[in-house]
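Okay, here's what each chain looks like letter by letter:
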Amino acid sequence: VRCKIGDCSFVPEKRLIDCDRTLDIATFRFEVGEIPKGKIIHQALSGKWPPRPPDLNRGLFFAGYPRAHRKVVGEQQIEWGTYVGILTATSVSQRDVTCQFRREEMVDMFGTGEPPQGQWLGGLSGTPLWTLVQTTVFSWRLAGIVCEFNTEYELLLARRPDVILSNGKLAR
């Protein structure tokens with residue numbers, strides 16, 4: 001299996017730092033400059049690791065690629081449909097961040113209509129969850145790594161970055 005980020009093609013197994021099925025996280029090694037700026041959004045980590053956890057009931061956002069939005073367009077070729085969510089942290093624990101989709105607050109930002117209730121969003125695992133930071137300027141910091149979505153209660157679960165050590169290994 002080969003993967004691609006921007007113009008950087010790679011074999012995941014050769015880049016693997018660590019993985020844990022219980023945490024549902026894998027980390028990979030990339031060198032600075034390997035993925036050219038402009039191809040993806042680079043988020044520089046400022047300050048110490050791990051980032052401060054998100055504030056309860058404050059803004060979070062993500063953009064990922066759930067399986068339901070993927071389309072096979074050719075032999076060994078997939079078109080990835082992006083799914084964007086802006087929500088709030090409804091629970092923050094020592095290990096997890098939980099966000100409940102609140103339908104009464106949903107806004108159709110792209111003219112595609114609101115997602116059907118109970119829509120399966122499997123495939124979002126690994127998507128970064130960002131917390132909105134509002135000071136004199138707006139910025140963001142890593143709030144978690146999406147690991148699960150419960151369709152019955154429309155809950156998005158993310159692991160806090162604390163589970164990833166500064167060397168890329170996972171804390172167990």
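Our structure's up above, just so we're on the same page.
Described in the following lines is the structure provided in the data block. From a predicted model like this one, the values you see are computed outputs, not experimental measurements.

Digging into the side chain of threonine 27
Move 1: With respect to the secondary-structure elements, threonine 27 resides in strand β4 (residues 25–28).
Move 2: For threonine 27, a relative accessible area of 9% corresponds to the buried category.
Move 3: Discounting chain neighbours no more than four positions away, the residues touching threonine 27 are Arg15, Leu16, Ile17, Asp18, Ile164, Gly168 and Leu170.

Some words on unusual backbone geometry
Leave glycine aside and you will find that most residues have negative phi; peptide bonds, for their part, are mostly trans.
Move 1: Omega for the bond connecting tryptophan 49 with proline 50 falls within 30 degrees of zero, at 0°, which places this linkage in the cis form.
Move 2: For proline 50, the location among the structural elements is in the loop between β4 and β5 (59–64).
Move 3: One non-glycine residue, aspartate 24, lies in the positive phi region at around 65°.
Move 4: Inspection of the secondary structure puts aspartate 24 in the loop between β3 (16–20) and β4.
Move 5: Residues other than glycine seldom take positive phi values, yet glutamate 154 does so here, at roughly 50°.
Move 6: One can find glutamate 154 in the loop between β12 (138–150) and β13 (155–159).
Move 7: On the basis of relative accessibility, which here comes to 6%, the residue glutamate 154 falls in the buried class.

Quick notes on the rules
- Residues numbered from 1 in each chain as written.
- Predicted model: local features only at pLDDT ≥ 70, side-chain atom pairs only at ≥ 80, totals over all residues.
- Heavy atoms only, no water.
- Helix = DSSP H or I, 4+ residues; strand = E, 2+ residues; numbered from the N terminus.
- Buried < 20%, exposed > 50% of the residue type's maximum accessible area, 1.4 Å probe, protein only.
- Contact = heavy atoms within 4.5 Å.

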